[in-house]
Amino acid sequence: MLTIHVRGGGGGCIVKDDKPEVDKDKPPPRSIDAKLISNEIIKPFEPPKFTSKLELTLSCRNLLNKDIATKSDPYCKISMMESWQGKYYEIARTETIDDNLNPEWVTKVIVNYNFETIQKMKFDVRDQDIGGLYESLGVFETTLSDIAAYSGGQFVGKLKGASILRNFGEIIIVSEEVSSCKQIFDIEFGAENLRKLLLFRNNDPFLVFYRANEDGSYSVVAKTNVAQSTQNPTWKPLVVKARNLCNGDLDRSIKIDCYDRRRNGNHQKIGTCYTTMRTFESAPLNLVQGRKNSGCIKINRFSVREDFTFLDYIRHGTQIHFVVAIDFTVSNIVHTDPKSLHFMTSSRSNPYEIALRSVGEIIQHYDNSLIYPAFGFGAKLPSGEISHQFPLNGNPAHPYCKGIEEIMDHYRNCLKTVELYGPTNFAPVINSTSAIAEKYQDGKHYFVLLIITDGIISDMRQTKHAVVSASSLPVSIIIVGVGNSKFDRMKDLDSDIFKLTVDGRQAERDIVQFVELNKFVTKKGSTTVRSQADLAKEVLAEIPQQLTGFMESRGHKPQIVQEMAPDPTVIVPTAPTMDMLDI
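Residues numbered from 1 in each chain as written. Predicted model: local features only at pLDDT ≥ 70, side-chain atom pairs only at ≥ 80, totals over all residues. Heavy atoms only, no water.

1. Quick notes on the overall build of the chain
Check the secondary structure of the chain and you find 10 helices and 28 strands. Across the 583 residues of the chain, 52% fall into the buried class. Pairs at least 24 residues apart make up 73% of the contacts formed inside the chain by residues separated by at least 6 positions. Accessible area of the chain: about 27500 Å², with a carbon and sulfur share of 49%. (Helix = DSSP H or I, 4+ residues; strand = E, 2+ residues; numbered from the N terminus. Buried < 20%, exposed > 50% of the residue type's maximum accessible area, 1.4 Å probe, protein only. Contact = heavy atoms within 4.5 Å. Areas by Shrake-Rupley, 256 points an atom, 1.4 Å probe, with all protein chains shown as cover.)

Structure (structure tokens):
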């Protein structure tokens, strides 16, 4: 008999308890006929379109007393604003607590947290008066990113009011990730004596798993591989999240269909069985098609492990280090020409500035140091050297900028001091980032390299080798293409479907995201602020998955933070052979 052992953590979990066994004679929920055509199932299960869902618990300390005979009756109005929006909109408000200057509200605020966007939040604490009137007790503004990335138990903010001399008290925000279940199942399935569908050949069987919906229908959640020519298959281990398979409900019906694969996509059903997580260990599971016994499914191996999320790592000290590389090749045209992609004007941002701000202003919330290495490539320096990686601040020993604004300042100064040249080589800056990432594989650090370019890569083969090497390291690469060049070859690096391969070497995972800026800035009615928000959402959407994917592949678990002080600054060398420096 198999036993389900579950470690602690997360919300609702799959646990083994002593509840009575489910009535096996009870018919399963009515299903809809789901015809399998070209490996697609009707009503597929769709994951949520946000990084995480957060629950905020609010309280305050030392509020102002606006009442005379009694104390203030506080409540909190919570508002949110995306970076491209012009004003806040209310998303929730707490209950009112009478006569209390240190309220602890019961009302929970549920918000969808998106890593790839800046979500500004405003907490407006008010004193409730008669007739629906109110007086302000103080306001606190922050971003959801700052709340989500905070490693301590309580995020504390100073309330502000009309007078800068008065103390308006503090607001305390406790955030928890909402998840019905945070386990992953590792299951190896096999089958015995499958019914043979064709006389002169064995089956090519595979399994499809569905979970029951509230309306009695089923949605597909997982599939096994196809086992070739056998009536007694053993499939590759299936890895599936518990919240996908049963959403933490031990009694939720799970349907398993066994199919015989056909080349034309018209796969034939061998049989069906039903189970629940509570009765899952009661293998074998008998397959039935009509009134025919079609064999049985057996469970060879079953284990449960913790499903760590992006926020689990961020909150336990993992830092995301931001590295910038900007294209200074001659195809951009000199910055004084209005046709230049580097053209600078006080009335609007150029494409490079839009790309830099859109990504940098989000990444900066996840690095305590707020110090970022920033480089240029493809320029002739004042010394006459043609460089494919030079520090924007002119200091090879310390190529760091304090915040996005300083990167912008050094970028503008470089346009006045270097000569746009070429070619467009990516490999040096990728290899340099990889060299330092290789030394930080303890699960506490992750690197995001932003490359902004206008042209076709000149060293494509070397770049592919650099990307393949980086794919085994804690690195993600974002490439933003600016201008009107054809970026067809650039898209080869963004291997969402097939892993990048070069000279017989295959990338361990997909780490590159390529986006064309013009798809965002040329939208009708699009403002610079909206373009930045849309671009950031597109290029950063894959970072959480890439980070957690790497950590899981290396067996890194979120580590408890012992101190709240920032980690020592991670030094990115200007060349792969340069020694690490201490700041």
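Next comes the rest of the write-up.
2. A look at the sheet that holds strand β2 (residues 74–82)
Within the open sheet, the 4 strands sit side by side as β3-β2-β5-β6. Their pairing is antiparallel. A strand with exactly one partner marks an edge of an open sheet, and here the two such strands are β3 (89–93) and β6 (134–143). Neighbouring strand axes in the sheet, compared pairwise and without regard to direction, differ in orientation by 25° on average. With 9 bridges joining them, β2 and strand β5 (residues 119–128) adopt antiparallel strand pairing. Note that in β5 the partner of P74 across the bridge is D127. (Pairing = 2+ DSSP bridges. Axes fitted to C-alpha atoms, helices over the stretch in contact; angles between N-to-C directions.)

3. Concerning helix α4 (residues 351–363)
Taking 1.5 Å of rise per residue, the 13 residues of α4 would be expected to cover 18 Å, and the 19 Å separating its terminal C-alpha atoms lies within 8% of that figure. Of all 13 residues in α4, 11 are buried, a share of seventy percent or more. By the burial criterion, the buried members of α4 are Y352, E353, I354, A355, L356, R357, S358, V359, G360, I362 and I363. Put simply, N350 is the residue that caps the front of α4, since its side-chain oxygen is 2.9 Å from the backbone nitrogen of Y352. (Expected span 1.5 Å × (residues − 1). Polar contact = N/O pair within 3.5 Å; in protein donor to acceptor, adjacent residues only side chain to side chain.)

4. With respect to the pattern of salt bridges
The full count for this structure, using the stated rule, is 18 salt bridges. The salt bridge partner of E170 is R61, with a shortest N-O separation of 2.8 Å. Note that E170 is positioned in strand β8 (residues 170–178) and R61 in strand β1 (residues 52–61), a separation of 109 residues in sequence. On the basis of relative accessibility, which here comes to 34%, the residue R61 falls in the partly exposed class. Of the charged contacts in the structure, one is a salt bridge between D409 and R412, with a shortest N-O distance of 3.5 Å. Of this pair, D409 and R412 both sit in helix α5 (residues 403–417), 3 residues apart, which is roughly one turn of that helix. Among the residues examined, D409 registers a relative accessible area of 41% and is labelled partly exposed. Owing to a relative accessible area of 24%, R412 belongs among the partly exposed residues under this scheme. (Salt bridge = Lys/Arg side-chain N within 4 Å of Asp/Glu carboxyl O.)

5. With respect to helix α7 (residues 460–470)
Among all positions in α7, only M460, T463, K464, A466, V467, V468 and A470 are buried. Where α7 is buried, its residues meet α6 (427–437), β25 (475–481), β26 (501–502), β27 (505–506) and β28 (512–516).

6. Quick look at the pairing of strand β13 (residues 254–260)
A large share of β13 lies buried, amounting to 7 of its 7 residues. Residues I254, I256, C258 and D260 of β13 are buried on one face, and the alternating residues K255, D257 and Y259, pointing to the opposite face, are buried as well. Both strand β10 (residues 205–212) and β13 contribute to a ladder of 7 bridges, which runs antiparallel. By the bridge assignment for β13, P205 is matched with D260. Taken together, the 7 bridges between β13 and strand β14 (residues 268–275) define a ladder with antiparallel strand orientation.

7. Topic: the packing of aromatic side chains
Under the defined criterion, the tally for this structure stands at 18 aromatic pairs. Judged by centre distance (6.2 Å) and plane angle (50°), the rings of F140 and F155 are tilted. Taken as a pair, F140 in strand β6 and F155 in strand β7 (residues 155–158) lie far apart in primary sequence, 15 residues in all. Owing to a relative accessible area of 12%, F155 belongs among the buried residues under this scheme. Among the aromatic residues, ring-to-ring pairing joins F328, Y352, F390 and Y411 into one connected group. The ring of Y210 is capped by K255, whose NZ or CZ atom sits 4.5 Å from the centre of that ring. (Phe/Tyr/Trp six-rings, centres within 6.5 Å; stacked < 30°, edge-to-face > 60°. Lys NZ or Arg CZ within 6 Å of the ring centre and 35° of its normal.)

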